[in-house]
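Structural features, examined
So the chains spell out like this:
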Amino acid sequence: MKTETIEILCCPVCRGDLELIATETVETESGATDIITGILRCGACGIDYPITEGIPNLLPPENTPDQ
């Protein structure tokens, strides 16, 4: 996931702003930073959305399959 993407994303539950908490990043040849793993946290409702292998999972919790 590109770091610039956070600017256009919002919480699918409450439409609140998301905070990026990156745990693994990689720098591209162009100097940009890609997020490999981390969390997008909604500041309004407190729901965490995982980022795995560079893909944010923005399914609301009631639509997320049990693991």
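Residues numbered from 1 in each chain as written. Predicted model: local features only at pLDDT ≥ 70, side-chain atom pairs only at ≥ 80, totals over all residues. Heavy atoms only, no water.

1. Side note on the pairing of strand β1 (residues 18–27)
Condition: We call two strands paired when DSSP finds no fewer than two bridges between them. The way it works is that DSSP assigns letters per residue, a run of H or I at least four long becomes a helix, a run of E at least two long becomes a strand, and they are numbered from the N terminus.
Here 9 bridges tie β1 to strand β2 (residues 33–42), and the two strands are oriented antiparallel to one another. Looking at β2, one finds that T25 is bridged to I35.

2. Regarding unusual backbone geometry
For residues other than glycine, phi is negative in most cases, and the peptide bonds are mostly trans. Applicable threshold: Here the term buried applies to any residue with accessible area under 20% of the maximum for its type, exposed to any over 50%, and partly exposed to those in between, with areas from a 1.4 Å probe on protein chains only.
Positive phi is not limited to glycine here, since R15 has a value of about 70°. Looking at the secondary structure, you find R15 in the segment before β1. Here R15 falls in the exposed class, since its relative accessible area comes to 60%. The phi torsion at E53 lies on the positive side, around 55°, for a residue other than glycine. Tracing the backbone through its elements, the reader meets E53 in the loop between β3 (48–52) and β4 (55–56).

3. Describing the sheet that holds β2
Here 4 strands make up an open sheet; going across it, the order is β1-β2-β3-β4 and the pairing antiparallel. Here the strands that pair on one side only, and so sit at the sheet edges, are β1 and β4. As defined by bridge partners, β3 adjoins β4 across 2 bridges and the pair is classed as antiparallel. Pairing of T52 across the sheet is with I55, part of β4.

4. Some points on the pairing of β2
In textbook terms, the turn of a hairpin is the stretch between consecutive antiparallel strands, and for β1 and β2 this stretch comprises 5 residues, one of which, G31, has a positive phi near 95°. Judged from the 4 bridges that link them, β2 and β3 form a sheet pairing that is antiparallel. The residue bridging R41 from the neighbouring strand is D48, located in β3. In sequence, β2 turns back onto β3 through a hairpin of 5 residues, with G46 there showing a positive phi of about 80°.

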